[in-house]
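Structural overview for review
One-letter residues, chain by chain:
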Amino acid sequence: MARILTVVGARPQFIKAAALSRKMRLYHNEILVHTGQHYDSNMSDVFFQELDIPKADYNLGISGGSHAQMTGRMLMALEHVFDTEKPDLLLLFGDTNSTLAAALCAVKLHIPVAHVESGNRFRSLQSPEEVNRILTDHVSKLRFACVESAMRELEKENLSGGSYLVGDPMYDAFLYYQAKAHMIPLDSLINLAQKPNLSAQGYYYLTCHRQENTDDLCKLSEILFAMESLDAPVVYPVHPRNKSDVLELQKRHNFKNIVFTPPLGYLASIRLVTDAKKVVTDSGGLQREAFFAGVQCVTVLDFIAWPETMVGNRNQLARPLKADILRKLSHKQEVDPDYLPFGTGHACDQIVSILNEQLTKGI
Ligand code: UD1
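This paragraph deals with helix H14 (residues 322-330). Inspection of H14 places Asp324, Ile325, Lys328 and Leu329 among the buried residues, and these make up the whole buried set. Buried residues of H14, seen end-on, are gathered within an arc of 135 degrees and therefore sit on one face of the element. In this structure, H14 carries Ala323 and Ser330 as exposed residues pointing more than 90 degrees from its buried face.

See the structure below:
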């Protein structure tokens, strides 16, 4: 039994950690550290409760500020935790500032790092997440890729040794929590004065929170004008990052077709994705969840995050322009049910078996 220290901090990491922890704790002692990057109860606590994630052993309470401030404060606090806990391995997910801070801290203390969701490259160093991904991959001993294209990227960077194609833990989570999510009646999800009948009318699902789209009010308003002109209501859970901008635009334009909600938990979100007419997003996670559900997605970004989803119009890039978003939404998609580029829902089993083997050999 090894001592594996897992660091999480933001919503997508809670989901992946939930899927993996359940399997990993059968073999190892896990010390769970929450950096505090996401801290509102609907951005953090709700995920721990719904997904039965064990209470974090440490919550560092670090969030906000510039990227450098957040990452620097995390580095210092994590060093203290690593010195106290002396883990055999550090387990990390994805590409947030919490991921980067933990990876840098561990490598300097000679603690081996395992990185889940390794190898994705968006070809944009303007994106803070791309920087986090590249640096984390290069200091990791073990890299777990979700898809073949990620393995090819790792090969190009001479990182094939220690890299494994395992499938996507997000797909494991999506399959595992489907039944629970479907117990939620669709119309109970939107608990607001403005209450469309989602099951009768149908609806679109929008998320938009990335720095690339929200730092410029013109881009955000183009996206909202596109949503306003659709033939069914649009459910839009608003991230705290751009809440004040969204409120400002709503005051100016009084959108009638968009149902603004606070951030939603994971179960509500996958419930909404599964029954949506179409999804519009800038989130890497939601692009995949739409794909898992067979729901067509339009991604408002200028780079491809998940090449495997870009087939048969299942996921198309759009510029943050009303006309382009509407044009992409008008295309029909073709779904081949036998095409499963994210694995078969057993990524976490594979990760645990590789960890067991490597830890026995001595990493
Ligand atoms: C972060 C990740 C991104 C991931 C996203 C998931 C980085 C660089 N980015 O982006 O990869 O897709 O999480 O949602 O790490 N805030 C709150 N309450 C919260 C959380 C955040 O008010 O519970 C505020 C913060 O104080 C900050 C802003 O929202 O002002 C942005 O949060 P931050 O954690 O910096 O980045 P995200 O946009 O959430």
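The strand order across the open sheet formed by six strands is E10-E9-E8-E11-E12-E13, and the pairing between neighbours is parallel. Here the strands that pair on one side only, and so sit at the sheet edges, are strand E10 (258-261) and strand E13 (315-318). Ignoring which end each strand starts from, the neighbouring axes of this sheet average 20 degrees apart.

This next bit is on the site of the ligand. Near the ligand there are 19 residues, and of these Gln37, His38, Tyr39, Glu129 and Arg241 occur at the shortest range. Residue Asp40 places a main-chain N or O atom 2.9 Å away from an oxygen atom belonging to the ligand. Looking at the shell around the ligand, the elements that each hand over two or more residues are helix H1 (11-24) and helix H3 (67-85). Partitioned by chemical class, the residues of the shell around the ligand number six nonpolar, eight polar and five charged.

Here Lys328 is to be found in helix H14. Lys328 gets classed as buried once you look at its relative accessible area, which sits at 17%. Separated by 282 residues in sequence, Lys328 and Val46 have C-alpha atoms that sit 34 Å apart. Beyond its immediate stretch of four places on either side in the chain, Lys328 contacts Gln296, Val298, Gln316, Leu317 and Ala318.

Further remarks concern the packing of helix H4 (residues 97-108) against helix H5 (residues 128-139). Where H4 meets H5, the closest approach of the two axes is 9 Å, and the angle between their N-to-C directions is 30 degrees. In terms of orientation, H4 lies roughly parallel with respect to H5. In the crossing of H4 with H5, the sense of the turn from one axis to the other is left-handed. Mapping the contact onto sequence places Asn97, Thr99, Leu100, Ala103 and Val107 in H4 and Asn132, Leu135, Thr136 and Val139 in H5. Grouping the amino acids of the contact of H4 with H5 by side-chain chemistry returns five nonpolar, four polar and no charged.

Here the focus is the environment of Leu165. Relative to the elements of secondary structure, Leu165 occurs in strand E7 (residues 163-165). Residue classification places Leu165 among the partly exposed residues on the basis of a relative accessible area of 36%. For Leu165 and Gly343, which are 178 residues apart along the polypeptide, the C-alpha to C-alpha distance reads 9.2 Å.

Read across the sheet, seven strands follow the order E3-E2-E1-E4-E5-E6-E7 without closing on themselves; strand pairing throughout is parallel. Each end of this open sheet is capped by a strand with a single partner; those strands are strand E3 (58-59) and E7. Where strand E1 (residues 3-8) meets strand E2 (residues 29-34), six bridges bridge the pair, whose relative direction is parallel. Its bridge partner lying in E2, Ile4 is registered against Glu30. Strand contacts of H1: E1, E2, strand E4 (89-93) and strand E5 (113-116), with the helix running at about 140 degrees to E4, the strand carrying the most contacts. The sheet strands contacting H3 are E1, E2, E3 and E4, and the helix crosses E1 at an angle near 165 degrees.

Cut-off values and rules
Residues numbered from 1 in each chain as written. Predicted model: local features only at pLDDT ≥ 70, side-chain atom pairs only at ≥ 80, totals over all residues. Heavy atoms only, no water. Buried < 20%, exposed > 50% of the residue type's maximum accessible area, 1.4 Å probe, protein only. Helix = DSSP H or I, 4+ residues; strand = E, 2+ residues; numbered from the N terminus. Arc of directions from axis to C-beta. Pairing = 2+ DSSP bridges. Axes fitted to C-alpha atoms, helices over the stretch in contact; angles between N-to-C directions. Near = heavy atom within 4 Å. Polar contact = N/O pair within 3.5 Å; in protein donor to acceptor, adjacent residues only side chain to side chain. Nonpolar A, V, L, I, M, F, W, Y, C, P; charged D, E, K, R; others polar. Contact = heavy atoms within 4.5 Å. Parallel < 35°, antiparallel > 145°, perpendicular 65-115°, else oblique. Left-handed = near helix turned anticlockwise from the far one by under 90°.

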